[in-house]
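# A look at the structure
Now for the letters of each chain:
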Amino acid sequence: MSKDYTPEEIAEMHDRNENFIGKRADFEKVRLYYKIRAELERLDGCTVGGYEPNPHEQNALLWLDMPDLIMMDGEAAGRLARAISMADRLSISASGGKVRFAFGVERVWKD
């Protein structure tokens, strides 16, 4: 059984990257992902996670979890600031005694 989609439904699927399959990586964006990750991994007392670039997602995501109270020296603050400035998107949330910074790298795939 097939379904006829309206233009609005097609636009919504496109916006959610539904059925996206990348074919050529944008290596500048892939390198950017790993540069951000390298900065975050050098922050003591924090946990880094993420979804590495893969051909089924157009964007890549990293996150940094830190305690809700943390003291950073100038070097650590600089690392965090560099990671923030390199990201295409940033989201900050707090829950359960931690603060999460989510870093987005957009359009990792050219097609």
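Preceding this section is the structure that the text describes.
Let me begin by describing the structure that accompanies this report.

Cut-off values and rules
Residues numbered from 1 in each chain as written. Predicted model: local features only at pLDDT ≥ 70, side-chain atom pairs only at ≥ 80, totals over all residues. Heavy atoms only, no water. Helix = DSSP H or I, 4+ residues; strand = E, 2+ residues; numbered from the N terminus. Expected span 1.5 Å × (residues − 1). Buried < 20%, exposed > 50% of the residue type's maximum accessible area, 1.4 Å probe, protein only. Contact = heavy atoms within 4.5 Å. Salt bridge = Lys/Arg side-chain N within 4 Å of Asp/Glu carboxyl O.

### Thoughts on helix 2 (residues 27-41)
An ideal rise of 1.5 Å per residue puts 21 Å on 15 residues; helix 2 measures up with 21 Å between its terminal C-alpha atoms. Those residues of helix 2 that sit buried are Lys29, Val30, Leu32, Tyr33, Ile36, Arg37, Glu39 and Leu40. Taken together, the buried residues of helix 2 touch strand 1 (47-51), strand 2 (60-67), helix 3 (74-86) and strand 4 (98-105).

### A closer look at the environment of Gly78
Mapping Gly78 onto the fold places it in helix 3. With 39 residues separating them in the primary sequence, Gly78 and Glu39 have C-alpha atoms 9.2 Å apart.

### A word on the pattern of salt bridges
Enumeration over the complete set of coordinates arrives at ten salt bridges. Across the pair Glu28 and Arg31 runs a salt bridge, and its minimum N-O distance is 2.6 Å. Taken as a pair, Glu28 and Arg31 lie in helix 2 at a separation of three residues, close to a single helical turn. Taking the relative accessible area as the measure of exposure, Glu28 reaches 56% and is therefore exposed. Here Arg100 and Asp65 are joined by a salt bridge, their closest N and O atoms 2.6 Å apart. Of this pair, Arg100 sits in strand 4 while Asp65 is found in strand 2, placing the two residues 35 residues apart along the sequence. Put simply, Glu39, Glu75, Arg79 and Arg82 are held in one network by salt bridges that share partners.

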